[in-house]
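Now for the letters of each chain:
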Amino acid sequence: MGCDGGTIPKRHELVKGPKKVEKVDKNAELAAKWKYCALSQEKLRRPIVACELGRLYNKDAVIEYLLDKSAERPNVEVASHIRGIKDVKELNLTDNPEWEGERRNAKGDRYEDMHCSMFICPVVGLEMNGKHKFCYLQTCGCVFSERALREVKTEICHKCGDPFRDEDIVVLNGSKEEQEKLKNTMEERRAKAKTGKKSKKTSGVEALSKHVDSKGSSESKSAPVNEENSSGSSSSDSAPGPSGCSKMVKPSAAVGSKRSIQDMDGKSEAYKSLFTTHSSAKRTKDQISNWVTHTPYHF
Ligand SMILES: [Zn+2]
């Protein structure tokens with residue numbers, strides 16, 4: 001049972017030992033959390049947003065995720081709790097004057113200081129590199145070190161003067177326990193918002209919500225079909241009928257409830273400007289370039 005040369009394999013060549021646990025440099029891992037988007041893993045660059053669990057993202061990565069949640073991406077589970085752009089807050093960060101950007105080490109011949117960070121605390125000047133605890137305020141998005149918030153007791157934001165309460169403070173990239181706590185408060189807040197909405201919705205609005213709900217409308221539409229079918233043929237034959245019908249009804253119901261993003265009151269101007277229907281995207285005739293389609297025959 002040897003190899004070609006008649007050698008006899010030894011035990012260590014045949015038996016695989018226990019897998020070596022890959023040791024991740026704790027410092028590097030921590031520093032990476034503060035440098036890279038939690039979703040796209042790209043370098044963080046403004047505009048930077050944070051979720052309710054205190055993770056950092058590039059805003060464009062979150063928007064991309066929200067526009068097409070079905071697309072296959074690594075790391076999607078990181079953002080699964082983000083339902084809309086309102087679930088994240090754009091951060092108001094303070095630039096580090098020491099930060100020289102990437103160009104300093106463009107040739108790769110210098111020691112790259114892992115702990116030199118892009119941002120600092122505006123109150124005490126600590127660097128935001130993972131060594132110190134940092135928090136953001138959900139009210140205004142300003143970011144401070146925990147030390148600043150602890151030492152300078154205040155009820156208004158140090159940077160922009162907006163009032164805030166203790167529960168508006170969210171720890172950025174916190175420990176496991178802190179994240180667990182944030183998750184609990186997030187769930188509580190969402191449950192509260194849900195019950196609050198329900199009590200507001202009185203019977204008058206209920207009819208409207210039923211109409212918007214595409215599933216509900218498809219069911220109501222399929223009901224008469226079911227009756228027709230059962231009168232004509234046996235009930236067992238009609239069973240697949242309504243289910244197929246409801247599938248076909250669904251898209252038309254969705255089209256009916258579709259409306260322009262520009263008309264939505266709840267969306268911000270910045271969000272609306274992402275779409276071609278926005279007024280800033282309108283072009284005069286000579287500004288529009290000709291549409292050229294390349295067919296594979298040309299190459
Ligand atoms: Zn502020």
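The structure presented is a predicted model; accordingly, all values stated were derived computationally and were not measured. (Residues numbered from 1 in each chain as written. Predicted model: local features only at pLDDT ≥ 70, side-chain atom pairs only at ≥ 80, totals over all residues. Heavy atoms only, no water.)

Engineer: How would you explain the nonpolar core if you had to name every residue and give the values?
Structural biologist: A general tendency of soluble globular proteins is for nonpolar side chains to be buried together. Ranked by internal contacts, the top residues of the largest apolar core, which has 43 residues, are Leu56, Tyr57, Leu91, Met128, Phe134, Val143 and Leu172. The residues touching Val143, leaving out its near neighbours within four places in the chain, are Leu91, Asn92, Leu93, Pro122, Met128, Phe134, Cys135, Tyr136 and Leu172. (Core = buried A, V, L, I, M, F, W, Y, C linked by side-chain atoms within 4.5 Å. Buried < 20%, exposed > 50% of the residue type's maximum accessible area, 1.4 Å probe, protein only. Contact = heavy atoms within 4.5 Å.)

Engineer: With reference to specific residues and values, describe the packing of aromatic side chains.
Structural biologist: Overall, the coordinates contain two aromatic pairs when judged by the stated rule. Pairing Trp34 with Phe134 gives two aromatic rings, centres 6.2 Å apart and planes at 65°, and the pair type is edge-to-face. Remark: Phe134 occurs in strand 6 (residues 134–137) and Trp34 occurs in helix 2 (residues 26–35); sequence separation between them is 100 residues. Judged by its relative accessible area of 6%, Trp34 falls in the buried class. (Phe/Tyr/Trp six-rings, centres within 6.5 Å; stacked < 30°, edge-to-face > 60°. Helix = DSSP H or I, 4+ residues; strand = E, 2+ residues; numbered from the N terminus.)

Engineer: Quick one: what's the story with helix 2, residue by residue and with numbers?
Structural biologist: For helix 2, the complete set of buried residues consists of Ala31, Trp34 and Lys35. End-on view of helix 2: buried residues confined to an arc of 95°, all on one side of the axis. At its buried positions, helix 2 is contacted by strand 2 (56–58), strand 6 and strand 8 (169–172). (Arc of directions from axis to C-beta.)

Engineer: Requested: an account of the pattern of salt bridges, with residues and values cited.
Structural biologist: One pass over the structure, following the stated rule, counts 13 salt bridges. Measuring nitrogen to oxygen at the nearest pair gives 3.6 Å for the salt bridge that ties Glu42 to Arg45. Owing to a relative accessible area of 40%, Glu42 belongs among the partly exposed residues under this scheme. Given a relative accessible area of 39%, Arg45 falls into the partly exposed group. (Salt bridge = Lys/Arg side-chain N within 4 Å of Asp/Glu carboxyl O.)

Engineer: Run through a positive patch on the surface, naming residues and quoting values.
Structural biologist: A surface patch of positive charge is lined by Lys86, Lys197, Arg259 and Lys267. Given the relative accessible area of 59%, Lys197 is considered exposed. (Patch = residues over 30% accessible without salt bridge, like charges linked within 9 Å, V, L, I, M, F, W, Y side chains within 5 Å. Areas by Shrake-Rupley, 256 points an atom, 1.4 Å probe, with all protein chains shown as cover. Lys, Arg positive; Asp, Glu negative; His and termini not counted. Charge placed at Lys NZ, Arg CZ, Asp CG, Glu CD.)

Engineer: Break down the pairing of strand 6 for me, with residues and values.
Structural biologist: Burial along strand 6 is two-sided: the face carrying Phe134 and Tyr136 and the face carrying Cys135 and Leu137 are both buried. As defined by bridge partners, strand 6 adjoins strand 7 (residues 143–145) across three bridges and the pair is classed as antiparallel. Considered in strand 7, the bridge of Phe134 is made with Ser145. (Pairing = 2+ DSSP bridges.)

Engineer: Outline the side chain of Asn96, listing residues and values.
Structural biologist: Along the polypeptide, Asn96 turns up in the loop between strand 4 (94–95) and strand 5 (119–120). Given a relative accessible area of 6%, Asn96 falls into the buried group. Among the polar contacts made by the side chain of Asn96, one reaches the main-chain carbonyl oxygen of Ser117 at a distance of 2.7 Å. Sequence-distant contacts of Asn96, defined by excluding residues within four places in its chain, comprise Cys116, Ser117, Met118, Phe119, Ile120 and Glu127. (Polar contact = N/O pair within 3.5 Å; in protein donor to acceptor, adjacent residues only side chain to side chain.)

Engineer: Account for the side chain of Thr94, naming residues and giving values.
Structural biologist: With respect to the element layout, Thr94 can be found in strand 4. Among the polar contacts listed, one links the side chain of Thr94 to the side chain of Lys159, at a separation of 3.0 Å. Those residues in contact with Thr94 that lie beyond four places of it in its chain are Arg46, Met118, Phe119, Ile120, Pro122 and Lys159.

Engineer: Explain helix 3 (residues 59–67) to me, and be specific about the residues and the numbers.
Structural biologist: Three or four residues apart is the spacing at which side chains of an α-helix point the same way, because the helix has 3.6 residues per turn. For helix 3, the full list of buried residues reads Lys59, Ala61, Val62, Ile63 and Tyr65. Turning to helix 3, the residues buried within the fold contact strand 1 (48–51), strand 2 and strand 3 (88–90).

Engineer: Describe in detail a nonpolar patch on the surface, supporting the description with residues and values.
Structural biologist: Among the surface-exposed residues, Val123, Val124 and Val152 lie close enough to one another that they form a single nonpolar patch of about 190 Å² accessible area. Within the secondary structure, Val152 is located in the loop between helix 4 (146–151) and strand 8. Residue class for Val152 comes out partly exposed when judged on its relative accessible area of 37%.

Engineer: Give a description of the environment of Lys131 that names residues and reports values.
Structural biologist: Note that Lys131 resides in the loop between strand 5 and strand 6. Counting along the chain gives 104 residues from Lys131 to Asn27, while the straight-line C-alpha distance between them is 8.7 Å.

Function cannot be inferred from these measures alone, as they are strictly geometric.
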